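Secondary and tertiary structure notes
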Amino acid sequence: MTAGVVPALTARVRAAVHPAADRCGCGTDTTVLADRPDGTVVRHADTVAKAHAPGTDPDELAARMAVAAHPALTGVLLPPLGAGAVDLHGRLVTFWPYGTPVDPDTPEAAPWEDAATLLARLHRTPAAALPPGLPPMRGPAKAARAVARLRAAGPHPAAAPVLRAWSVLPAWARGEAPMPHRPMLCHGDLHLGQLVRAPAGEWLLIDIDDVGWGEPAWDLARPAAWFACGLLPPDEWTRFLAAYQKADGPAVPADADPWPALDIPARALSVQTAALAIAKAAEAGRPLDEVEQAVIDACDRMAAHPPELPAGPSK
């Protein structure tokens, strides 16, 4: 189904760029930026079209788009082109301005401080300033889906420690219960691939599919987990955390140990990463690589030391 969406999405984005023309006259190629079951993204000129995952709830997507377009999030979230989604072969399609992504080949230039500052601003957005109807942040639900995919992949020698680490997490972190603290506006799937540089030069957050009310520490959990697994250098983690604290981010205390707040979300993201790694390796019939094994080893250590403190905002 994904392959069939690409040509139709290509035609749709070209029509969006050239609404009054029978054919493209700008000489710009259409580029497929992503083509996965959970989202297909194509670019033509300065416009990006995204076909969201099959089964995406139209009301929830509309609420998330309204947040991205809201003046309270100007300079934080990339705003959409247009207020609504269109149907394309049963998939909801939205349109966005193109932004330059983070260059994966220059990790030393990764905008950790910008990402942290944007997150702090996102988390501090008052609920009263936003349109109603925003659903919960989908981070725990995505972690639960990753574990379900691991189980569906069949027996694997590396699965046991990952499932043990999952079993000792509280119900809210497994998507089985409401989050225990006052919810804040969250991105839900933060990593450097979710930042783009706008034409004016500022960095903005993209991909609103998981945006919603939830535990803000979840948005810090992926870099925290990478740091704990030895995959993110300490200086980069320190830059990210310090910038978040400097921007008055509410997920962690400004002048105390952040790990009581980060522990459970970081564990959950480690399990999610390890579960997906094993499932993909099993589906491809290949061995685990060194990075994947490092995350699985971290899950083994976590399972032996269950969390003692709940995660939550400290202010």
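Residues numbered from 1 in each chain as written. Predicted model: local features only at pLDDT ≥ 70, side-chain atom pairs only at ≥ 80, totals over all residues. Heavy atoms only, no water.

This paragraph deals with the pairing of strand E5 (residues 91–97). Within E5, 6 of the 7 residues are buried, which leaves it mostly tucked inside the rest of the structure. Here 5 bridges tie strand E3 (residues 47–52) to E5, and the two strands are oriented antiparallel to one another. Among the inter-strand pairings, Val48 is bridged to a residue of E5, identified as Trp96. (Buried < 20%, exposed > 50% of the residue type's maximum accessible area, 1.4 Å probe, protein only. Helix = DSSP H or I, 4+ residues; strand = E, 2+ residues; numbered from the N terminus. Pairing = 2+ DSSP bridges.)

Let us look at the pattern of salt bridges. Taken as a whole, this structure holds 14 salt bridges when the rule is applied. Note that Lys50 and Asp209 form a salt bridge whose closest N and O atoms lie 2.6 Å from each other. Of this pair, Lys50 sits in strand E3 while Asp209 sits in the loop between strand E9 (203–205) and strand E10 (212–214), placing them 159 residues apart in sequence. Of the residues examined, Lys50 reaches a relative accessible area of 13% and is grouped as buried. (Salt bridge = Lys/Arg side-chain N within 4 Å of Asp/Glu carboxyl O.)

Our focus in this paragraph is the packing of helix H3 (residues 112–123) against helix H6 (residues 218–228). Remark: H3 packs on H6, axes separated minimally by 10 Å, with the N-to-C direction vectors making an angle of 150°. Across the interface between the two elements, Trp112, Leu119, Leu122 and His123 from H3 touch Asp219, Leu220, Pro223 and Trp226 from H6. Grouping the constituent residues of the contact of H3 with H6 by class yields 6 nonpolar, 1 polar and 1 charged. (Axes fitted to C-alpha atoms, helices over the stretch in contact; angles between N-to-C directions. Contact = heavy atoms within 4.5 Å. Nonpolar A, V, L, I, M, F, W, Y, C, P; charged D, E, K, R; others polar.)

Viewed as axis vectors pointing N to C, helix H5 (residues 159–167) and helix H8 (residues 259–284) meet at an angle of 150°, and their least axial separation amounts to 10 Å. Judged by the angle between their axes, H5 and H8 are roughly antiparallel. Helix-helix and strand crossings are classified by hand; for H5 and H8 the assignment is left-handed. Here H5 contributes Ala159, Val162, Ala165 and Trp166 to the contact with H8, which in turn contributes Val271, Ala274, Ala275 and Ile278. In terms of residue class, the contact of H5 with H8 is made up of 8 nonpolar, no polar and no charged. (Parallel < 35°, antiparallel > 145°, perpendicular 65-115°, else oblique. Left-handed = near helix turned anticlockwise from the far one by under 90°.)

Along an α-helix, residues three or four apart share an orientation, since each turn contains 3.6 residues. With 12 residues, helix H2 (residues 58–69) ought to run about 16 Å at 1.5 Å a step, and its terminal C-alpha atoms sit 16 Å apart, in line with that. When H2 is considered as a whole, its buried residues turn out to be Leu61, Ala63, Arg64, Met65, Val67 and Ala68. For H2, the N-terminal cap is Asp57; the gap from its side-chain oxygen to the backbone nitrogen of Asp59 is 2.9 Å. (Expected span 1.5 Å × (residues − 1). Polar contact = N/O pair within 3.5 Å; in protein donor to acceptor, adjacent residues only side chain to side chain.)

One finds Leu205 and Leu220 to be the most contacted residues of the largest nonpolar core, which totals 50 residues. For this core, the element with the highest residue contribution is H3, accounting for 7 residues. Sequence-distant contacts of Leu205, that is, excluding residues within four places in its chain, are made with Val76, Leu77, Leu78, Leu118, Leu119, Leu122, His187, Leu190, Gln194 and Leu195. Counting 28 residues, the second largest nonpolar core, distinct from the first, contains Ala274, Ile278, Ile296 and Cys299. (Core = buried A, V, L, I, M, F, W, Y, C linked by side-chain atoms within 4.5 Å.)

Within a sheet, neighbouring strands are paired by backbone hydrogen bonds and run either parallel or antiparallel to one another. In spatial order, the strands read E1-E2-E3-E5-E4; together these 5 strands make up an open sheet with antiparallel pairing. What marks the edges here is a single partner per strand, and that holds for strand E1 (30–36) and strand E4 (86–88). On average, each strand axis in the sheet is tilted by 25° relative to the strand beside it, whichever way the strands run. Here 6 bridges tie E1 to strand E2 (residues 39–44), and the two strands are oriented antiparallel to one another. Paired with Val32 across the strands is Val42, a residue of E2. Taken strand by strand, H2 contacts E3 and E5, and its axis lies near 10° from that of E5.

Let us now look at empty space enclosed by the protein. A complete count under the given rule lists 1 cavity of 30 Å³ or more for this structure. Quantified by volume, the largest cavity comes out at close to 60 Å³. If you go around the largest cavity, the residues you meet are Gly139, Lys142, Gly188, Asp189, Leu190, Trp218, Ala221, Arg222, Leu269 and Gln272. Secondary structure elements with two or more residues in the lining of the largest cavity: helix H4 (139–152), H6 and H8. Looking at the lining of the largest cavity element by element, the count peaks at 3 residues for H6. Of the residues in the lining of the largest cavity, the class split is 4 nonpolar, 3 polar and 3 charged. (1 Å grid on protein atoms, 1.4 Å probe; cavity = no way out; pocket = protein on both sides within 12 Å on 5 of 7 lines; lining within 4 Å. Points joined across faces, edges and corners; volume = space filled by probe spheres on them.)

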